[in-house]
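Summary of structural features
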Amino acid sequence: MMTNQKWWGDYEGVGFPNLVASQQFDKEHLLTLFQLSKVLKRNVPKGTRQDWLKGCTCLNLFSEPSTRTRGSNEMSEGRLGAAKISFDNDQFSSAVKGESKTDAGLAWHAMEVDIIVMRHKDENAALDVARCLSHEENPPAVINGGDGKGQHPTQALLDLFTIFERFEKIDNLTIAMVGDLLRGRTVRSLAYMLSKFTGVKIIFVSSRFSKMGQDVKDYLNEHGVIWSETENLVEAARQSDVVYMTRPQLERERNLIKRWLMRRANRNLTMTKIIAEQMPMSSIIMHPFPRNEEIETDVDSNERAWYFWQMRNGVYIRMAIMLIIGNPTKAKELLAQAG
Ligand code: CP
C-alpha cells in the first residue's frame, strides 16, 4: 500500500490512508475525489466488475446498525474485486466477550486485512483504532463509518459529491441543515467540510432541544463561514439551494422527557409537499436516511427530492476512497485519462 501521496491530510496526528474525520480534507482533496468518483460512475457502473483491488482484503466492522454505509462499502469492495469480510461486531464477534476495539483492530491487523471500515457507538472510535495501529508495521487503513455522536465523514463526502453534481460547484451555495443537529453526526461532518469552500452560508434549522453544538459553530466562525439559526423551516427552505433533512436521533437521548420534547418539536420540522413546492426550482432536498417522519413520502416524487440519488452516490464515493487507498496508481491513471 502506497502512503506517500497526500490524497487527504491529518487529523489529531492520524493521516492518510486513514480516513477518520472531515477536517482531513481541503478543497483540492475534495475536488479530486469528486472527479475520481465521477470517472468510476462512468467506468464501473452496475453490472460490471474490475480487479483493481485484487489481493486487497476489506473488513466491514459494524457495531451499530447500518443499511447504506455497510451496504455501499460492500458493493464498492465487490465491484473493485476486493475480498470482503463483514462483522456485526457487538453480536457475533469477541466484543461480546469484552474485547476492546483497539485489540480487535490489532487482531485484524495480525490477520492481515488491508482496510477496516468501522462504525462504533463511541466518539473517536476510528481515530483511536487508527492511532493504536499506527505503531504497527504496514497497518491497515481505518475508515470511520460513523462514530456515535461524533462524525460520519464518508457520508459528508457523498453528500458534497451529490451537491457538486447538481450545482457543479459548492462555493456560494446556501445550505439549510434541519432536524436533530445536536445528536446527528452527518450534519457535523458536512459542516466541517463545507467550511473548505468560499461564500457558503449555512442555516441551522432545529428546535431548541436539538441545536448544533458550539464546537462546530466555533469552527465555522474560525473559517469565516456565515451561519444562522432558526426554527422556521419554511423561511429557510425558501432561501436555500440545499435543504438537508435529518431525523430525531432518539436512540442517542436517554432522558425520556427530552425524547418526548424532541419528538413533539420535530413535528414543526417536517418537509411536506407544500413546503417543497415553495423552494427554488433549482434547489434540492437531501437526507442521509434512514428517515422517520421528517420527510413525507409524497415529497419523493418532487423533482427536488435527491435523497435516493444521494444514496447511490455512496457506492461511487466509497469506490473512489477504496481505490485511492488500495490501488493509488490505478486511481492516478484514471484521473490522468479523464484529464
Ligand atoms: N446514512 C447512513 O449512515 O445510513 P446507514 O445508517 O443505513 O448506514
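1. Some thoughts on the packing of helix H7 (residues 185–194) against helix H8 (residues 214–222)
Running from N to C, H7 and H8 point in directions that differ by 10°, and their axes come no closer than 10 Å. The angle between H7 and H8 places the two elements in the roughly parallel class. Along its contact with H7, which presents Arg188, Ala191 and Tyr192, the element H8 presents Asp215, Val216, Tyr219 and Leu220. Split by residue class, the contact of H7 with H8 holds five nonpolar, no polar and two charged.

2. Here's the deal with the sheet that holds strand S9 (residues 284–286)
Across the sheet, which stays open at both edges, the five strands sit in the order S7-S6-S5-S8-S9 with parallel pairing between neighbours. Looking at which strands have only one partner, the edges of the open sheet turn out to be strand S7 (226–230) and S9. Recorded for the sheet is a direction-independent mean angle of 20° between the axes of neighbouring strands. Each of strand S6 (201–205) and S7 touches H8; the most contacted strand, S7, lies at about 145° to it.

3. Focus on the domain arrangement of the protein
Domain boundaries assigned for the protein yield domain 1 (22–151 + 314–328) and domain 2 (153–311). Centre-to-centre separation of domain 1 and domain 2, based on C-alpha positions: 25 Å. On the side of domain 2, 27 residues touch domain 1, which itself brings 29 residues to the contact. In terms of surface lost to domain 2, no three residues of domain 1 exceed Phe34, Arg68 and Lys149, which account for 24% of the buried area on that side.

4. What about the site of the ligand?
Around the ligand lies a shell formed by Ser66, Thr67, Arg68, Thr69, Arg119, His152, Gln155, Pro288 and Phe289. Between threonine 69 and the ligand, the recorded distance is 2.7 Å, taken from a side-chain N or O atom to an oxygen atom. In the shell around the ligand, the residues fall into two nonpolar, five polar and two charged. Split by domain, the shell around the ligand shows at least three residues from each of two domains, domain 1 (22–151 + 314–328) and domain 2 (153–311).

5. With respect to helix H6 (residues 153–167)
Under the 1.5 Å per step criterion, the end-to-end length of H6 is 21 Å for 15 residues, consistent within 8% with the ideal 21 Å. Burial analysis of H6 places 12 of its 15 residues in the buried class, which makes it a mostly covered element. Inspection of H6 places Pro153, Thr154, Gln155, Ala156, Leu157, Leu158, Asp159, Leu160, Phe161, Thr162, Ile163 and Phe167 among the buried residues, and these make up the whole buried set. On its buried face, H6 is in contact with helix H1 (27–43), strand S4 (141–147), H7, strand S8 (242–245), S9 and helix H12 (307–326). The positive-phi residue at the C-terminal boundary of H6 is glutamate 168, with phi of around 60°.

About the thresholds
- Residues numbered from 1 in each chain as written.
- Predicted model: local features only at pLDDT ≥ 70, side-chain atom pairs only at ≥ 80, totals over all residues.
- Heavy atoms only, no water.
- Axes fitted to C-alpha atoms, helices over the stretch in contact; angles between N-to-C directions.
- Helix = DSSP H or I, 4+ residues; strand = E, 2+ residues; numbered from the N terminus.
- Parallel < 35°, antiparallel > 145°, perpendicular 65-115°, else oblique.
- Contact = heavy atoms within 4.5 Å.
- Nonpolar A, V, L, I, M, F, W, Y, C, P; charged D, E, K, R; others polar.
- Pairing = 2+ DSSP bridges.
- Domains from an automatic or database assignment.
- Buried area = accessible area lost by both parts, 1.4 Å probe.
- Near = heavy atom within 4 Å.
- Polar contact = N/O pair within 3.5 Å; in protein donor to acceptor, adjacent residues only side chain to side chain.
- Expected span 1.5 Å × (residues − 1).
- Buried < 20%, exposed > 50% of the residue type's maximum accessible area, 1.4 Å probe, protein only.

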